[in-house]
Structure formats: C-alpha cells, structure tokens
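Given next are the chains, with one letter for each unit.
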Amino acid sequence: MEAVAERNIIDKKLIFPDSLRESEEGFKSTSAEDAYATAPQDVILEVKDLCTGFHTERGFLKAIDGVSFSVKKGEMLGIVGESGCGKSVTSQSIMRLYDERKLVRYTGEVRFLGQNLFDLSEREMQHVRGEKIAMVFQDALSSLNPVFTVGHQIMESLRIHRNISREEAKKRSVEMLGLVGIPDPERRFYQYPFELSGGMRQRVMIAVALACHPRLLIADEPTTALDVTIQAQIMDLIVEMNRKFDMGVMLITHDLGVVAETCSRVIVMYLGQIVEEGLVTDIFDHPQHPYTKGLMASVPRLDSRSGERLHQIKGTVPLLNQIPEGCRFAPRCPYATEACRRSMPDFISTSSTQRARCFRIGEL
Amino acid sequence: MSILHANEMTVSAANANATETLTGAGFEELKARLAKEQRAIRIRRFTSNKGAVFGLVVVLMVLLLAILAPVICHYDPLALDTVNRLKPMSLAHPFGTDTMGRDVFARVLYGARISLFVGFTVGILSGVLGMVVGLYASTNKLADNILMRICDGLKAIPSTLLAITLMAVLGADIRNVIMALTIVSVPSMARLARGRALVIREQTYIEAMRCLGASKLRIMWKHMAPNIISPIIVQVTFVFASAIISEAALSFLGAGVPAPAPSWGNILNEGKSVIYQAWWIVCFPGAFTALTVLGLNLLGDGIRDFIDPTSEG
Amino acid sequence: MKRFILKRILSMIPVLFIVSVVIFSLVHLVPGDPAAAMLGDMATAEDIAALHARLGLDRPLVQQYFVWISNIFHGDFGDSVANHQTVASMILSHLEPTIHLTILALIIAVLIAIPLGMIAATRKGSVVDHSVTVLSLLGISLPSFLLGLFLILVFAVRFKLLPSSGYVPMRQGFWMHLKSILLPAIALGFMNAAFMMRMTRASLLEVLGSDYIRMAKAKGVREMAIVTVHAFKNTLVTIITVIGQSLVQSLSGAAVVESLFAIPGLGQLMVNSIGRRDYYVIQSIVLLIAVFNVIVNMFVDILYGVVDPRVRVS
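Residues numbered from 1 in each chain as written. Chains lettered and ligands numbered in written order. Predicted model: local features only at pLDDT ≥ 70, side-chain atom pairs only at ≥ 80, totals over all residues.

Helix and strand counts for chain B come out as twelve helices and zero strands. The N-to-C order of helical and strand elements in chain B reads α-α-α-α-α-α-α-α-α-α-α-α. Per-residue burial over chain B gives 43% buried out of 313 residues. Restricting to contacts in chain B with at least 6 residues of sequence separation, those with at least 24 account for 68%. (Helix = DSSP H or I, 4+ residues; strand = E, 2+ residues; numbered from the N terminus. Buried ≥ 20, exposed ≤ 12 C-beta atoms within 10 Å, placed from the backbone. Contact = placed C-beta atoms within 7 Å.)

This brings us to helix α6 (residues 150-161) of chain A. Three- or four-residue spacings in an α-helix give side chains the same orientation, since the helix completes a turn every 3.6 residues. All names here are of chain A. In a regular helix each residue adds 1.5 Å, so twelve residues correspond to 16 Å; α6 covers 18 Å between its end C-alpha atoms and thus fits that length. Of all the twelve residues making up α6, ten are buried; the element is thus mostly covered by neighbouring parts of the structure. Residues of α6 that are buried: Val150, Gly151, Gln153, Ile154, Met155, Glu156, Ser157, Leu158, Ile160 and His161. (Expected span 1.5 Å × (residues − 1).)

At the junction of the two partners, chain B supplies 35 residues and chain C supplies 41 residues. Elements with a minimum of two residues in the side of chain B that touches chain C: α6 (141-156), α7 (159-170), α10 (216-252), α11 (264-273) and α12 (279-307) of chain B. When residues of the side of chain B that touches chain C are assigned to their parent elements, the largest contribution, nine residues, is made by α12(B). Looking at the side of chain B that touches chain C, its residues break down into 25 nonpolar, six polar and four charged. (Nonpolar A, V, L, I, M, F, W, Y, C, P; charged D, E, K, R; others polar.)

Moving on, we get to the domain arrangement of chain B. Residue and element names in this part refer to chain B. By domain assignment, chain B separates into domain 1 (1-48) and domain 2 (50-311). With centres defined by C-alpha atoms, the gap from domain 1 to domain 2 works out at 43 Å. Taken together, the contact pairs four residues of domain 1 with four residues of domain 2. (Domains from an automatic or database assignment.)

Here we take up the packing of α12(B) against helix α7 (residues 144-158) of chain C. Geometry of a packed helix pair, given as the angle between the helix axes and the separation of the axes. Put simply, α12(B) and α7(C) touch, their axes get as near as 10 Å, and they point 140 degrees apart. Of the possible angle classes, the one that applies to α12(B) and α7(C) is oblique. Handedness of the crossing formed by α12(B) with α7(C): left-handed. Contacts between α12(B) and α7(C) pair Trp279(B), Val282(B), Cys283(B), Gly286(B), Thr289(B) and Ala290(B) from the former with Leu146(C), Leu149(C), Phe150(C), Leu153(C) and Val157(C) from the latter. Tallied by class, the residues present in the contact of α12(B) with α7(C) amount to nine nonpolar, two polar and no charged. (Axes fitted to C-alpha atoms, helices over the stretch in contact; angles between N-to-C directions. Parallel < 35°, antiparallel > 145°, perpendicular 65-115°, else oblique. Left-handed = near helix turned anticlockwise from the far one by under 90°.)

Another point: the pairing of strand β4 (residues 104-112) of chain A. Residue and element names in this part refer to chain A. For β4, a buried count of nine out of nine residues is recorded, marking the element as mostly surrounded by other parts of the structure. The alternating pattern of β4 places Val104, Tyr106, Gly108, Val110 and Phe112 on one face and Arg105, Thr107, Glu109 and Arg111 on the opposite face, and all of these are buried. Where strand β1 (residues 43-56) meets β4, eight bridges bridge the pair, whose relative direction is antiparallel. Considered in β4, the bridge of Gly53 is made with Arg105. The pairing of β4 with strand β5 (residues 115-116) spans two bridges and is classified as antiparallel. Bridging across to β5, Arg111 finds its partner in Asn116. Joining the antiparallel neighbours β4 and β5 is a turn of two residues, in which Leu113 adopts a positive phi near 50 degrees. (Pairing = 2+ DSSP bridges.)

All names here are of chain A. The strand order β6-β7-β8-β3-β9-β10-β12-β11 describes an open sheet built from eight strands, whose pairing is mixed. Both outer strands of the open sheet, β6 (133-136) and β11 (348-349), are each paired with one neighbouring strand and no more. The sheet contact formed by β11 and strand β12 (residues 355-356) spans two bridges and is antiparallel. Bridge assignment links Ile348 to a residue of β12, and that residue is Ala356. This element, helix α13 (residues 290-297), spans β3 (76-80), β9 (265-270) and β10 (273-279) of the sheet and lies at about 105 degrees to β9.

Moving on to the confidence of the model for chain B. All names here are of chain B. Put simply, chain B has an average pLDDT of 82, and 90% of its residues get 70 or more. For residues 1-22, every residue scores under 50 in pLDDT, and the model assigns this stretch one contact once sequence neighbours within four places are set aside. Confidence metrics for the complex model read pTM 0.80 and ipTM 0.86. (pLDDT = per-residue confidence, 0-100.)

Once that is clear, we can look at the pairing of β3(A). All names here are of chain A. Burial analysis of β3 places five of its five residues in the buried class, which makes it a mostly covered element. Side-chain alternation along β3 places Met76, Gly78 and Val80 on one buried face and Leu77 and Ile79 on a second face that is also buried. Where β3 and strand β8 (residues 248-252) come together, four bridges link them in parallel fashion. Paired with Ile79 across the two strands is Ile252, which belongs to β8.

Before going further, it helps to examine the arrangement of the chains. Between all two pairs of chains that are in contact, chains B and C come out with the most contacts. With no contact between them, chain A and chain B keep their nearest C-alpha atoms 13 Å apart.

Below, the discussion takes up the interface of chain A and chain C. Taken together, the contact pairs 25 residues of chain A with 21 residues of chain C. Among the secondary structure elements, those contributing two or more residues to the side of chain A that touches chain C are α4 (122-128), α5 (140-143) and α6 of chain A. No other element matches the four residues that α6(A) contributes to the side of chain A that touches chain C. Here the side of chain A that touches chain C is composed, by residue class, of twelve nonpolar, eight polar and five charged.

To continue, consider the environment of Val118(B). Residue and element names in this part refer to chain B. Among the secondary structure elements, Val118 is positioned in helix α5 (residues 104-139). Given 27 C-beta atoms within 10 Å, Val118 falls into the buried group. Along the sequence, Val118 and Ser246 sit 128 residues apart, while their C-alpha atoms lie 9.9 Å from each other. Sequence-distant contacts of Val118, that is, excluding residues within four places in its chain, are made with Ile174, Val177, Ile178, Ala243 and Glu247.

With 256 residues, the main nonpolar core has Ile206(A), Ala207(A), Met250(A), Leu251(A), Val268(A), Ile157(B) and Ile164(B) as its most contacted residues. No other element matches α10(B), which puts 17 residues into this core. With sequence-adjacent residues up to four places away left out, Ile164(B) is seen in contact with Leu253(B), Ala255(B), Ala255(C), Met270(C) and Ile274(C). (Core = buried A, V, L, I, M, F, W, Y, C linked by C-beta atoms within 7 Å.)

Further remarks concern the sheet that holds β5(A). All names here are of chain A. Strand order in this open sheet of four strands is β2-β1-β4-β5, and the pairing throughout is antiparallel. Looking at which strands have only one partner, the edges of the open sheet turn out to be β2 (59-72) and β5. Pairing analysis gives eleven bridges linking β1 to β2, with the strands arranged antiparallel. Bridged to Cys51 within β2 is Asp65.

The next subject is helix α3 (residues 50-67) of chain B. All names here are of chain B. Compared with the 26 Å implied by 1.5 Å per residue over 18 residues, the 26 Å span of α3 between its first and last C-alpha is a close match. Along α3, the positions that sit buried rather than exposed are Ala52, Gly55, Val59, Val62 and Ala66. In an axial view of α3, the angular spread of the buried residues amounts to 100 degrees, which keeps them on one side of the axis. Facing away from the buried side of α3 by more than 90 degrees, the exposed set consists of Lys50, Leu60 and Leu64. (Arc of directions from axis to C-beta.)

This part is about unusual backbone geometry. All names here are of chain A. Its identity is not glycine, yet Asp49 carries a phi of approximately 50 degrees, on the positive side. On the secondary structure map, Asp49 appears in strand β1. In this model, His213 sits at a positive phi of 50 degrees, which is unusual for a non-glycine residue. As for its placement among the helices and strands, His213 is situated in the loop between α9 (198-210) and β7 (216-220). Given 16 C-beta atoms within 10 Å, His213 falls into the partly exposed group.

This part covers the confidence of the model for chain A. When pLDDT is averaged along chain A, the result is 83; 86% of the residues meet or exceed 70. A low-confidence stretch, residues 1-38 of chain A stays under pLDDT 50, and its non-local contacts, those more than four residues away or across chains, total 28 contacts.

Written as structure tokens, this is what we have:
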C-alpha cells in the first residue's frame, strides 16, 4: 500500500505536464533550497506553489492552483473565503488526506520543518499526521467515531505515536480532557460522543488533536456548527492552546470576526488561489483586493445604521469546471476592466507585509 | 409601510408583465423546448447505464419471444411424440426433446408466456394493493395499527415457506400461484408505501391542501399517490423478478402451475429426473429463467438510478 | 443494557402472537372442509366426521386456536394425518440434515462474502470490486434450485466429483457427510453470499466516506486499522442484520434445495406433506421457522445495542 502511494508520488513527478512544473524547475528548484536555508528558523510550514487536482466524472479539475504561504512557530494564520474557495482542500492537501490511488494529484511542495511532505511514503506520512500536524474539523458529531468512547479516541492517538502503556495513555488522556476544559474528565472518558453536548464534543476533538502536542494545528472551521456563545469558548481554547504549546495554527473560517480577534496574519482565498495576504491590520484596515473589500463590507457592524443594507458580493463562486479566463474574480468584480477579463494579474506586494492579486491596486 | 407596499406592487406588476410576455407562443415553445431537453438528459442518463440497457434489451427480447412463440416455433408445447424421446439438439428441435418427446424449445417459449404473465400480474397486483394499504394506513391510525401488525406477522414468515404453505392450502393452480405470491409480496410493498406516505404527509403542501378543505380521499390519491409512486415502480420491477423465481420454484416443487403446462419450473422439474441422460432439458429453461431475472434486476437498478440518482446500489 | 435486552425480549411477544394467528388462519383458509380436503376424494362421511372430532374442527375458531396454541406449549404439535406419527417426532427426525445444511451454507456465505465485500469497498473500481459487483448481480438472479441444477450438471453429471442426491449422516464419516451436503450448501448459500457482498460493500463504502474516517486518517491511523477497526465496527450493524437474514433465508430456502438433492430434512418433509395434504406438518414447520426468525431478529436487535451505544439509549 505504502509502496503504491510512494510510486504515485514519483509517477506524478514524471508524468506531470511540464507547464505545471516549469516555473518550479526553471528558477525555483535551486533557489528553493536557498530560500529555505535563508528562511527564518521559526517557519514550520512552507507551502510552495501547491496545486491539487481531482479526477472526476467531468474530467480533471484543479481545486487549488498555485498556492504559496508559510506558517511560523506560535503563529495563528487565518484563511478566509467563501465556501468552495479551496480552503479545506488546501488543508487536507497539506495532510495528504485524499485518496492518492485514484482521486487526487498534487504538485508543488509542502515543506514541514524543511521536509517536503510529498516526498514521504504513506507510512512516514502517518507519523506526521496526528503527531506533528493535527487537524480539527467542523462537525465534531460526525468527526468522532460514534461507536468508540471519547477516551478510546484520545488514547488511540497516543498509542499510535507514543510508545506508552495503556495505563499511561489513559492517564494522559484524562489529563488532556481536563486541559481542554472538560469537567469531570474521569467520567467523560468512558462516555460516547453522542452523550456529549456540541461544545463538549468540539473540546474532545481538540483534545484528540492535541494529545501528542503537534507543532501545527489545522483547524478547519472549528466553530461553524456551534452556538455563538460556545463558539467564543472554543476559540478561546484554541488561542490558549496555541500559546501553551507554542504551536502554529492554521485557522480556516469564513467568520472574519473570529479572524480579527485571534489571528495575526490572514490569507484570502478565491477559487483555488490566494488573492490577498497580509497582517490582520492590513487586511481589515486597508484591503487591496476587491474580493477582500467585498468580504469586509458584507460583515454586519454594530456601528452601521439600522436601515442600511448589508453589502453583498454579487453572484456565487463558479464551479471548478467553469473557471473564468483572466482574473478569476472578474465576473463578480464591480471594478473589472477588459484587461481583467483577458489575463491573470500577478500576486504583487503592496507593502512589506501585504500582497494582492489585482491589476487595479492603488487605483481603487 | 407605504414604501413597502409600493415595492410589492412594482414587483407584482413586473411579475404580471413577465407572465404576460411568456404566456404567448414564445412561452409554449420555451416550455416544449425545456421538456424536450429534460427528456434528452434523462434518456442519456439511462442509456449511459450499460446494465440498465442490457436489462431492458433482455426483457424486451424475452417478451418478444413469448408473444411470437406460435410464429417462431411450429411445435405444440404439449404435443407428445414418444418416438422422439430425449433427443439432443438438432435442426428440427433446437433445444432437443423431453421425456415425452415434446419440443423443449416450444416449451421454453410458451413457458416464457406463463412466467412473464405470473411475474407481471404479481408485480402489478402487489404494487397496487401495497399502495392502497400503505396510503390508507398512513392516514388512519387504527387501520395503521391493524394493517401493519398483520404485515409484520406475514413478514415474519419467510416468503418461500409462506408461498409453499399457501399453495398447499389453496391447491396447485395458476390463479392460486398469483394469489399466493401477491400475498407474499404485499407486506413489504405496503411498508414501503406507508413509509413514504408518512414523510409526504408532513410536507407543507399537503398541510396546505388540508387547510383548503380538500377531502381525505382527494389528498390521498391526487396528491400523495403521485409522490410515492416512483419507489413503488422500482419495487414492482424487483417483485416481478422475484415472482418469476418463486413461480419457477413452486412449479419445480410441484406446487405451482399444474404439470402438463409448460412453465419454466415444470420443465426443470421434469428435466431433473433425467439430468444424467438429457442435460438440455434443464439447461435451456434454466438459462432463460436466470437471464430474464437478471435482466429485470438490472432494469430495476436502472430505473431506480433514473428516478433517484442519489441512491447507489 | 439489561433493561434494553428485557425490552427487546418483551417486544417479541406481540409479534409471536400475530405470527401464530396468521399461521393458524392459513390452514383455515382451505376452501371447504379441511378434513375432507385432507382425506381426499376417497374418504367416507364417517372418516370425515371422525377426523372432525379428532381435530376439534366443530368447535368455534377462537377456541380451536387456543387449544392448538396450548398444545404447542406442551410440545404437542398434533398428529400427522397421513403418517400416524406425531408431528413433533417427524420434525425431530428430519431436523439434523437441515441444520447441518443451513450452517454450512451460512459459513460458505459469510466466509466468502464479507471479506470480498470489504475488499471491494476499500478498492473501489478495482478488478475485485468489479467481480464482486458482477458476482452479486448473478447471485441475486440465480435462485438456489437453478444454481443447484447447474452445479449437478457440472460436478455430478460432467465431472462426477460429487453426488447429485442423497444424504450421508455425520456418524458415517465426516468427509462423506461433507461431500453429500457440499453442493446443496453452495446452491443454498450463493444467493445469500451475493446479498451479503452487496450490503457489506455498500455499507463499508458509506462508512469510509464519513467524517470520522477522515479524522482517523488525520490522527495517523494506519489504513489497515482504519478499515478493520474504525470502519468495521460501524459496518457491523449491517453485517449482523444480513447474517441474521441469511440464516433464516437458508433455513427456509432449504425446502427447495432439499427436495432437489433428495436430502431428508425439514424442507423435504414439508414439500412431501403438500402432496399428502398433511396440513398440520406444514403448519408446524412454518410456525417453528417463523418463531426462529423472530428470535433471530431479537438477537440481531440486541447485538445492535452491543455494537452501537446509541441504540441502547433510544
């Protein structure tokens, strides 16, 4: 099985259309090493030109197209965008969770602590998942296995990645349950997911993810399915854990309020690409890309007048088999020009911390 | 308030406008084109399912052979010809002859008539009865309790045994075969119809009909029945298939269609005793039975995917 | 858990009552006089009257039912009309072959179908998957007696490897015994195996697409463990149901297969009784198997509760 996965990765390198790899081979392959060598020591994850495509009934569809970003130690990075923009695909590509035998094809690099994860065998990858990079999903009820106890599911992580006895694993699991703020952890240990409330379940999932003290936590819309008050508690917990373990956090969400409160940097994604990147203050105070502006304007604000209508971005995210030519946002963009519809704008720096993918930066 | 009103009025005016422009010939044309497109999509979806097409072809071919039996084959399926007993396949007898010199090909073709007739009748009867029982049960609490308990009781008896018992009691006869197999298939059908009807009943539009004062019967047959018919149709195809199997099994046991009649089960039953001398008597009707049932099952799967593409086999 | 089991056992009682009423009424569906029907055309009026008295057919139906039921509770299934033996002793003497046949058929089905169904689901689109799909389609289209006939043609007539009929009891040697019931067991088990394969594949596929499987993968669980631990326990409910159904199916399907292979089991006894119009034998066998079915379903329900904690509570 692992051998197959391994071969697939090698095959990918051989078979892949050159157009996809050209840019890399052309100037990055040498400079990538340098870039890494010169990269600040505290970068734990570096994604370079990641493309993820799926073989579907409608042919090969690229869900992610050339995404690059990095996460530093102890940093909380927010990834925002509407549904269908490729946020979740990005995170699951980093973990290589898709079926590599048939479904998916990755290109680019995902460097974790300097190691390209796409070079690893499936077995090596299993040691990364859960131990070094952990993940929290949106719906805890469906993400926790209904027929195993909560305790069993935390212990499982520990037993896989740490060579410890049952008793030791149990002790640590109960500790973990206490750490994520579950009262009476001894009793909860023996309960099944369906016996817990939504907030409790989310805490359990965080406990499962953090059991092995990962270096990076990917939280994929961790609060979307919860009540507003519980949402705040869970976010507080994630921030607390982020500080406590000094781990990087990739927070995927479409809730800009959460991002503003917790993250230091933000990436805005649209249709498989990053359209803007910057510090939270950059993005919130002076967004450059029309899409980011649209997102900001569509958040309800307390200080807005009551009769005022909320702004909305017209239209919806196109399907992957209907990706427009030129700038992908052009068909929905109020400022789009002919040039936008013809060719794709580059991702350019607008300040030392902010970058955006738009022809009309500065004009608007 | 007045602004709101004005807004509403402009909206309705715009709507009226739109319908006005669309009620003309253009609208009819558009409707026709849409319907045609829909049909094309559905047909493409069905024909892209190779199994379903294969099933349809097989079923149609067997049906054609059954209908055209007197044209294709000049032998009487009951005519004895003791001189030519147990003759292997030849030009005169493409499937050979049986213990009494009857032409097996003719018997298989005429047997198709009996098998398809029994299967089809049982399918339709149990579909209709199941729907009546299910719909009625879904609207009447007392009837629901009684009918569903009886269904539970009938379902607790394995279908093969129930059919055999009924045949033992009723006596071997083609009408009784149909009756017994219908009794066996109705409970599941009724359960299915009832389950669907209970869901439909809670839908807002049925609630609305009730508020408008539509009679119970009208709601049941005009509004609920059309919404539960598709799963019933799928189930009817499967009952059709299993009734063919059951009829053959009953006849094979001597408890189905009485002996000289050429049902597939009867041919197999007679062939069994001479299986060492004449393999063809068993082989051909057997293959026909299996193929027909396979065809019907594939067709049923195809219809299900066609009606409800979300379900997966 | 104790309360859950008790509830399941108690819920069996009304079903058993209805089943017994249904089976009782079946025999009384006989058009005309059941006694006359049982004795055939040659019977004299005295014979019929005597049988009437013996069977208590003159009493009201409700009373007849209660006499019948209370007799059954005392182990008295009545007497065979044709055979002058008690029905109970006839059933007992025909029990062994049917049980052995059913168990072997079930073993064949379970051992083949469940692993194949699981492999097909984990390797969707592979050769195994396609063969499983084709095999399970063939299986549900090949009734046991038809497959049995084809098996006889190949293994008995053509290659003369296995006997086409007859039953060798276990005490005359295990291998002879096995040889005598192998073909019937395959014929009986194949359709169940097809059904099991289909269900296992479908339910495992559904489970493998669920969020908690993705979560398990994200935790670093090995693929093998994902299938055999995380997914398997969730598909177990389906598998238990299908095994329960197959057990009852095999037992009742034995009627046809036994008369094809001339195995002196319950099924053959039942089929022979049709010709003899021995309704009480038929009635008793059907009742026994229906009760067995209800009990199997109860065990399946209880096992659900063992496997899935959510079932225990609701």
